[in-house]
Amino acid sequence: RALIEAYVGNYIARPDGLHRMLLFRRKEVVSANNSIRKALFGPDADVIEEDEQLMIMATTDTPYCDDPMDSTRYYSGQTFRVHSKERQTYSIRIGEETFEIPHYRVSLDGQTPVNIVFGITENQMDQEKLGGAEFQAAISAAAAYGRAEDDFGNKLGSWEPFKQLQGDFVRVAYTYASSVHRAQGSSLDYVY
């Protein structure tokens, strides 16, 4: 508790610094992130707030214009500050099924807005956050569709929906706390 209070006090005093609490277990990381957010933004804070810092969970090439070859690369472990946010719904057809994914469209450090979904790990979405369960269902269906074969081993599906989901969403996490393993190679101003 005292360490979280110290973190919050220093974060408020120096909001532009990169503050990170390092922990060993994922459960402790999630708990610390939630406690720090509650202290910073209040118990009724939205899932994401403007001026909040988010960490990229998985390296993603996200198109920033109509040309799919023209993209921005977001690297795993990078931290960005949220400048603006709005709720949207994303639709994708996978085989015979259509998936609707509510999400936030967020401008990170003045970049072109991106679709974000929160993760606990790179491949495990946070089911309690906006769109987490829907994204997890869609990406699982897309992977199954990509692997689909008939009884003779002939391909039936396509990996295109999977690739589209991977490119159209940036997976993020709160960046107040992270595991010591995930923080390897990070450059930080304040470590707790």
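### A look at helix α2 (residues 26-41)
- An ideal rise of 1.5 Å per residue puts 22 Å on 16 residues; α2 measures up with 22 Å between its terminal C-alpha atoms.
- Taken together, the buried positions of α2 are V29, A32, N33, I36 and R37. The buried side chains of α2 occupy one side of the element, clustering within an arc of 130° when seen end-on. The outward face of α2, more than 90 degrees from its buried face, is lined by the exposed residues K27 and K38.
- Buried residues belonging to α2 abut α1 (2-13), β1 (19-23), β8 (169-174) and β9 (177-179).
- Where α2 terminates, the next one or two residues include G42, which has phi positive at roughly 95°.

### With respect to unusual backbone geometry
- Here the phi dihedral of D51 falls at roughly 75°; this positive angle occurs in a residue that is not glycine.
- On the secondary structure map, D51 appears in the loop between α2 and β2 (53-56).
- Accessibility expressed as a relative area gives 45% for D51, which makes it partly exposed.

### Considering the nonpolar core
- If you look at the biggest cluster of nonpolar residues, it comprises 28 residues, and the most contacted ones within it are M21, I48, L54, L108, I116 and F118.
- Looking at this core, the elements with two or more residues in it are α1, β1, α2, β2, β5 (79-94), β6 (97-108), β7 (114-118) and β8.
- Top contributing element to this core by residue count: α1, with four residues.
- Those residues in contact with M21 that lie beyond four places of it in its chain are L3, I4, Y7, A32, I36, Y176, A177, S178 and Y192.
- One finds I92, F135, A138 and F169 within the second-largest nonpolar core, a separate group that totals 13 residues.

### Thoughts on the sheet that holds β9
- Strand order in the open sheet formed by three strands is β9-β1-β10, with parallel pairing between adjacent strands. Because the sheet does not close on itself, it has two edges, and the strands there are β9 and β10 (190-191).
- Both β1 and β10 contribute to a ladder of two bridges, which runs parallel. Along β10, the bridge assignment pairs R20 with V191.

### Quick word on the packing of α1 against α2
- Remark: α1 packs on α2, axes separated minimally by 10 Å, with the N-to-C direction vectors making an angle of 45°. Overall, the two elements α1 and α2 adopt an arrangement that is oblique. Crossing angle aside, the handedness with which α1 passes α2 is right-handed. Residues I4, Y7, V8, Y11 and I12 of α1 lie in contact with α2, whose contacting residues are S35, I36, A39 and L40.

The rules behind each value
- Residues numbered from 1 in each chain as written.
- Predicted model: local features only at pLDDT ≥ 70, side-chain atom pairs only at ≥ 80, totals over all residues.
- Heavy atoms only, no water.
- Helix = DSSP H or I, 4+ residues; strand = E, 2+ residues; numbered from the N terminus.
- Expected span 1.5 Å × (residues − 1).
- Buried < 20%, exposed > 50% of the residue type's maximum accessible area, 1.4 Å probe, protein only.
- Arc of directions from axis to C-beta.
- Contact = heavy atoms within 4.5 Å.
- Core = buried A, V, L, I, M, F, W, Y, C linked by side-chain atoms within 4.5 Å.
- Pairing = 2+ DSSP bridges.
- Axes fitted to C-alpha atoms, helices over the stretch in contact; angles between N-to-C directions.
- Parallel < 35°, antiparallel > 145°, perpendicular 65-115°, else oblique.
- Left-handed = near helix turned anticlockwise from the far one by under 90°.

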